[in-house]
Each structure stands twice: as C-alpha cells, then as structure tokens.
Amino acid sequence: MEYLIGIQGPDFVLVAADNVAASSIIQMKQDQDKMFKLSDKILLLCVGEAGDTVQFAEYIQKNIQLYKMRNEHSLQQRYGNDLFPTPYHVNLLLAGFDETDGPGLYFMDYLSALAKAPFAAHGYGAYLTLSILDRYYRPDLTRDEAVELLKKCIEELNKRLIINLPSFSVRLIDKDGIHDLEKLVPVGAK
Amino acid sequence: MALQDFSGSPLHLSVPAAEYLSESPIQFGQINPNIASNFINTLHQDLVLSFPPGFPPSCSPSVPLPFTMSHGTTTLAFIFQGGVIAAADTRSSCNGLVACPASQKILPVHSHLVGTTSGTSADCALWKRILARELRLYQLRHGRRLSTAGAAKLLAHMLHPFKGTELCVAATLCGWDGGERPSLYYVCSDGTRLQGELFSVGSGSPYAYSVLDGGVRWGLTVEEATSLARQAVYRATHRDAYSGNCVDVYHITSKGWARRDREELHRQIVQQFKTNVSQC
C-alpha cells in the first residue's frame, strides 16, 4: 500500500515516497514524511509494518548521529547499511552521495537482502512501475529527465493501482546535499 | 541503564537497555482465578482486515486469559482555533454485552494534557497512569513540563516492547504545549505515532470520520466545535454496535482542560427529529 522509488543519475539520486499513513482501511494522515535524514547527504526511506518503520529508522538515525559525535566524522554511505537480520518488518531504500564513490542507491528488505541498484521501488506500486523504469532508464539521465520519469511512474500508479495515493514527497541528493523538490500530486486526485 | 561498549566498528550500535525492559512481558498479567472481579471492563478494537502482509500472528499466551478480549469504542479529537476538542462515547463492551454503560474513556494526564483511550480498557488505564507518573517525574527533574510530542514519544517507546502480545492501547494525546499552541498525537501499541489535526480511533471511527471531515475547519467557534464533536460521536454510536450510551466532551485550552457534563444524546435528537417531522 505504501510506495517508495529511487532513481540514480550520474551525479545525483532522486527519491520519492507517498505521504499516506494508514490504519486498516482508514487514511489517518495524508502528509506523513517517510524519509529520514541519516546525514547531510544520506536519506533512509522506510516502509513496512506500522510501528516498526519509525522505531527502526529513528534508532538507526540516532545511532549514526552518536557515531558522528564520538568519531567526529560521518559514516560513509556503504557503512550506513546494517547487515544483520532484525525482527523489524521494514523495507528500505538508502540513497546518498559519497565524496569518493559518488551517488548510490541501495535496496534493502526485511529479510536483510541488500543490493546496489540504479533504480528501485518498494510496495505494490513497484509491480507497476519497475517495467517503466526498465524501459526508459539510462545511466546518463539529467535531473529533469529523471523527474519526468518519476512523473510517468506516478501517473501509472494513479491510473492502475487500486489504492489511491494522493501525493508524493520528492527529494534530490547531490554533492550539495539534500534538496526538497515540489510535492507531486497526480492529476485527477483531489 | 546498561550501555554496550562502542568497539569502533561501524556495525556496533549502542543499545541502551533498562533492566525492566529485558523481562519477558508475557509474565505480566497472571490473574488469580479465585479473586472475583465485579467490574469487567474491556473495550472493543477498531476493524481488523487481513490487509498488510506480515501482520503479527497472534501468539498463544503462556497464561490462560479469563475471557476472550474484544474491543470497541468511538473516540475523536481535533484541533481548531479555540484549542483541542476531545470526545468519546461511554460504552464498555465485553464480547457482546455491555459491561458498563457509563465508563470514562477520556482520562486526564495532567492539567494541560488529556488522553482518549481505545483498546483494552485496563491496559489504557494502567498506561495512562504510568505516563502521568513519568511526566510528573520529568517535570520535577527538569523544571518544565514535557511537550505533547515528548509525551507521545515516551508512551510509544514504553509500549514498544509489548508489540506482538495481547496488549492493545490506541490513544490520542491532546495537549497544550508551553502556553503557545495546541498539539494532537495518536499513539498505538503497535508502535504508530502520528502528529495531526484530526484523529478518530475505535470501531466507530469510520462513521465519526465521515461526519467530521465534512465540518472541521480551523475557524470554528467553541460551540460549533463541541456540537460537531457530539454529533460525530452520536452518529457513530447509532451505527456501531459497540459504541453507545452517553458522550463525554473535553476542551483543552491554554488554561488547561475543561470537561463538559456527560450527555445522553439519543433522546434529545430523536425528540428533535419528531418535532421537525410533526411540523412538516
């Protein structure tokens, strides 16, 4: 029911997440932010079971802050991944920009699978949008082209997904840090 | 409080653990079958559909429960220009019979914070008291009251170790922070913690949501807001079997919370309807 997507370009990573916090059949909140800032250039997108998402993401976030305070330098992006299986039922996308390695997007799921990918998605919406990404993705996308590709994916969700996702938060990470882009509201949704 | 040593490897995360949290929660709650309890008091839970994958399977309790728990209620809370309104019905149901038609589902935590309760009534009452105690200790230690956000976080973290057990608490914390602004948080024992402007919790919540969504605006007057809250609870009690009886309304402002007298709305509204019909 929740949806995450990430697209990596040559020098940036574009990520988006839906904004609905639901409880059984009711949308309790329509402006929930599912992205957690782990450092100036690393974002953790987190969906899954109700309480686990926030608990887990905040736990990782605070421990990384603690590491930074203790060691006076931030964790590099690849160490931001934790590799042990946890009892938390959460699916994650980790997106960031590293000084040495450049942009990176990592797909993680609740079984502690980890894969670095040029594009990735979580949720029922992934079934509909991965083939669009397969078809139109190129490693040398510009920022505008990546946003257009994202819009294509979201229009498809609006058209075919049985669950209405009224809006999506969008952020872009590059060498200058994390930038908030305009929220995407699919046409036809209220 | 025990803190693991940080060894320098990035994978070693520090884990603060209070001793009481490492005890198995299932050892709580042994009920002596010889003690007669005159006052069985449970509430019904909101609708459960088998939607999300990986929903925690109900674990068989190591202690036999005296009766099957079930939950049902309608509570709601919303923010407007005059503060926060919290309203709830007063029916405590237990498995198809009304255990108590006059229970209190909105419990004050301190002078500027009330919590609506939904789920298992005993669990809610206990955890509200524990929260009140912890907030008071915080106030004594730090010389200032903890904000509603902090109280919500505290409650969520206290309930987290019990995830997957039979404990069921779904509360909205309605408070006024530091003399400045109203604040509303929804906290659930499954770990959810949401900040918002309008929440309704319980088996009657969809009915209440539909009435509220049509009427709640920032610019409501206090009278309009109270009337809307009472209508919403009443409509939910009319349709939901597990909600009913009277309506409690609380109003929280910068001066603290104020309680409106409990009202039995059914007769009033039916009478009104009859008068309107007879005038046609």
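Just so it is clear, the structure is predicted and the values come from calculations on it, not from any experiment.

**Looking at the environment of A:Val170**
Residues and elements named next belong to chain A. The residue Val170 is located in strand β11 (residues 168–174) in this model. Between the C-alpha atom of Val170 and that of Lys41, which follows or precedes it by 129 residues, the distance is 15 Å. Apart from the residues within four sequence positions on either side, Val170 is in contact with Leu14, Val15, Ala16, Met35, Leu150, His179, Asp180, Leu181, Glu182 and Leu184.

**Brief notes about the sheet that holds strand β7 (residues 90–98) of chain A**
Residues and elements named next belong to chain A. Strand order in this open sheet of five strands is β5-β6-β7-β8-β9, and the pairing throughout is antiparallel. Both edges of this open sheet fall to β5 (35–39) and β9 (114–116), since each of them pairs with a single strand only. Neighbour to neighbour, the strand axes of the sheet diverge by 20° on average, direction disregarded. Judged from the three bridges that link them, strand β8 (residues 102–108) and β9 form a sheet pairing that is antiparallel. If you follow Phe107 over to β9, its bridge partner there is Ala115. In this fold helix α1 (residues 50–71) packs onto β5, β6 (42–48) and β7, with an angle of close to 15° to the strand it touches most, β5.

**Some words on the sheet that holds strand β10 (residues 198–201) of chain B**
Residue and element names in this part refer to chain B. Across the sheet, five strands lie side by side as β10-β1-β2-β11-β12; this open sheet has antiparallel pairing. Single-partner strands in this sheet number two, and they are β10 and β12 (256–263). Adjacent strand axes in the sheet meet at a mean angle of 15° when their direction is disregarded. Judged from the six bridges that link them, strand β11 (residues 247–253) and β12 form a sheet pairing that is antiparallel. Bridging from a neighbouring strand, Ile252 pairs with Trp257 of β12. Helix α3 (residues 205–213) rests against β1 (75–80) and β10 of the sheet, and its axis sits at about 155° to β10. The strands touched by helix α4 (residues 222–239) are β1, β2 (83–89), β11 and β12; relative to β2, the strand with the most contacts, the crossing angle is about 25°.

**Quick look at the side chain of A:Arg171**
All names here are of chain A. Topologically, Arg171 is positioned in strand β11. One polar contact links Arg171 to Asp180, side chain to side chain, over a distance of 2.4 Å. Excluding residues within four positions of it along the chain, Arg171 makes contact with Val13, Leu14, Val15, Asp33, Met35, Leu43, Ile178, His179, Asp180 and Leu181.

**Thoughts on the UniProt feature "active site" (unreviewed entry) in chain B**
Residues and elements named next belong to chain B. Look at the UniProt record and you will see "active site" (unreviewed entry) annotated at Thr73. Counting through the fold element by element, Thr73 comes out in the segment before β1. Residue Thr73 is classed as buried on the basis of its relative accessible area of 0%. Reaching out from Thr73, the side chain makes a polar contact with the side chain of Lys105 at a distance of 2.7 Å.

Calculation rules
Residues numbered from 1 in each chain as written. Chains lettered and ligands numbered in written order. Predicted model: local features only at pLDDT ≥ 70, side-chain atom pairs only at ≥ 80, totals over all residues. Heavy atoms only, no water. Helix = DSSP H or I, 4+ residues; strand = E, 2+ residues; numbered from the N terminus. Contact = heavy atoms within 4.5 Å. Pairing = 2+ DSSP bridges. Axes fitted to C-alpha atoms, helices over the stretch in contact; angles between N-to-C directions. Polar contact = N/O pair within 3.5 Å; in protein donor to acceptor, adjacent residues only side chain to side chain. UniProt positions renumbered as here; feature names shortened; annotations may be inferred. Buried < 20%, exposed > 50% of the residue type's maximum accessible area, 1.4 Å probe, protein only.

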